[in-house]
Amino acid sequence: MASSDKILQYETFITDVLRRDLQRVLEQRDGVYEKIGQYLQLKNTIQSLQESGDSELKTEVDLGCHFYVQAHVEDSSKIFVAVGYGFFVEMSHAEALGFIEKKTRQLNAFTELLTKDSAKIKANIRMVLEGLRELQGLADFPEDDQKDVL
């Protein structure tokens, strides 16, 4: 009976703690990838503005809920860039490109950290599953099933 209690504790630990932590880390990493994509999109837009050499800009602005209106910008030599925590800073194109480069480097380093954290959590899940296998006296997992577990 004690063995079945331990098995239940391990299974609960996997589902309530480890898998939830893994999901949280992966969702956080996906959010960071989304921010990186937005900064790269801004970088491409700035480069397009520089190539055109025109200071005027016609665009569409999302007011929310995918409701767009046309906008006319008379001087696009300065733009406002979201720097974090709801703050925006007015920058020239060169300043914005430099900021974007640094910010994407920082965000990429953070995604690498989150990827390492997810790998550690997956290893912990694997270790607990191996412990469960030993408690239950089951044979080793076939190689094909090992990839499906995580």
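An account of the accompanying structure is given in this report. Computed from a predicted model, the values in this text were never measured in an experiment. (Residues numbered from 1 in each chain as written. Predicted model: local features only at pLDDT ≥ 70, side-chain atom pairs only at ≥ 80, totals over all residues. Heavy atoms only, no water.)

1. Looking at unusual backbone geometry
Reasoning step 1: Even without being glycine, H66 reaches a positive phi, approximately 60 degrees.
Reasoning step 2: Inspection of the secondary structure puts H66 in the loop between β1 (57–62) and β2 (68–73).
Reasoning step 3: Overall, H66 belongs to the exposed group, its relative accessible area being 66%.
Reasoning step 4: Positive phi, normally seen in glycine, also occurs at Y85, with a value near 55 degrees. (Helix = DSSP H or I, 4+ residues; strand = E, 2+ residues; numbered from the N terminus. Buried < 20%, exposed > 50% of the residue type's maximum accessible area, 1.4 Å probe, protein only.)

2. Focus on a negative patch on the surface
Reasoning step 1: Together, D54, E56, E74 and D75 give the surface a local cluster of negative charge.
Reasoning step 2: Relative to the assigned elements, E74 resides in the loop between β2 and β3 (78–84). (Patch = residues over 30% accessible without salt bridge, like charges linked within 9 Å, V, L, I, M, F, W, Y side chains within 5 Å. Areas by Shrake-Rupley, 256 points an atom, 1.4 Å probe, with all protein chains shown as cover. Salt bridge = Lys/Arg side-chain N within 4 Å of Asp/Glu carboxyl O. Lys, Arg positive; Asp, Glu negative; His and termini not counted. Charge placed at Lys NZ, Arg CZ, Asp CG, Glu CD.)

3. Considerations on the pairing of β3
Looking along a regular strand, one sees side chains alternate from face to face of the sheet.
Reasoning step 1: Judged from the 6 bridges that link them, β3 and strand β4 (residues 87–92) form a sheet pairing that is antiparallel. Counted as the bridge partner of I79 is M91 from β4.
Reasoning step 2: The antiparallel hairpin formed by β3 and β4 contains 2 residues in its connecting segment, where Y85 sits at a positive phi of about 55 degrees. (Pairing = 2+ DSSP bridges.)

4. Here we look at the nonpolar core
As a rule of thumb, soluble globular proteins bury nonpolar side chains together.
Reasoning step 1: I14, Y39, I46, V81, A96 and I125 are the most contacted members of the largest nonpolar core, which totals 23 residues.
Reasoning step 2: Breaking this core down by element, the ones donating at least two residues are α1 (2–52), β3 and α2 (93–136). (Core = buried A, V, L, I, M, F, W, Y, C linked by side-chain atoms within 4.5 Å.)

5. A word on a nonpolar patch on the surface
Reasoning step 1: On the surface, V61, L63 and F67 cluster together to form a nonpolar patch covering roughly 290 Å² of accessible area.
Reasoning step 2: Inspection of the secondary structure assignment puts F67 in the loop between β1 and β2.

6. As for the environment of Y39
Reasoning step 1: Among the secondary structure elements, Y39 is positioned in helix α1.
Reasoning step 2: Sequence separation between Y39 and L97 is 58 residues; the distance between their C-alpha atoms is 9.5 Å.
Reasoning step 3: With residues near it in sequence (within four places) discarded, Y39 still touches V81, A82, V83, F99, I100, K103, T104 and L107. (Contact = heavy atoms within 4.5 Å.)

7. Side note on the packing of aromatic side chains
Each aromatic ring pair is described using two quantities: the centre-to-centre distance and the angle formed by the ring planes.
Reasoning step 1: Within the structure shown, the criterion is met by 1 aromatic pair.
Reasoning step 2: Relative to F99, the ring of Y39 lies with its centre 6.0 Å away and its plane at 65 degrees, an arrangement referred to as edge-to-face. Placement of Y39 in helix α1 and of F99 in helix α2 is noted, with a sequence separation of 60 residues between them. Grouping residues by exposure puts Y39 and F99 together as buried. (Phe/Tyr/Trp six-rings, centres within 6.5 Å; stacked < 30°, edge-to-face > 60°.)

8. Observations concerning the pattern of salt bridges
Reasoning step 1: On inspection of all chains with the given rule, the structure shows 3 salt bridges.
Reasoning step 2: Of the charged contacts in the structure, one is a salt bridge between E101 and K43, with a shortest N-O distance of 3.4 Å. Here the residue E101 occupies a position in helix α2, and K43 occupies one in helix α1, the gap between them amounting to 58 residues.
Reasoning step 3: Of the charged contacts, one joins R126 and E130 as a salt bridge, the two residues approaching to 2.9 Å between their closest N and O atoms. One end of the pair, R126, and the other, E130, are both in helix α2, 4 residues apart, so they sit about a helical turn from each other.
Reasoning step 4: Where salt bridges share partners, they join R126, E130 and R133 into one cluster.

9. Describing α2
Reasoning step 1: Helix length check: α2, at 44 residues, gives a terminal C-alpha distance of 63 Å against a target of 64 Å (1.5 Å per residue), a fit within 8%.
Reasoning step 2: Directly beyond the C-terminal end of α2, a positive phi value near 70 degrees is found at G137. (Expected span 1.5 Å × (residues − 1).)

10. Concerning the side chain of S118
Reasoning step 1: Checked against the element boundaries, S118 lands in helix α2.
Reasoning step 2: Judged by its relative accessible area of 4%, S118 is buried.
Reasoning step 3: Apart from the residues lying within four places of it in its own chain, the contact partners of S118 are L22, V25, L26 and R29.

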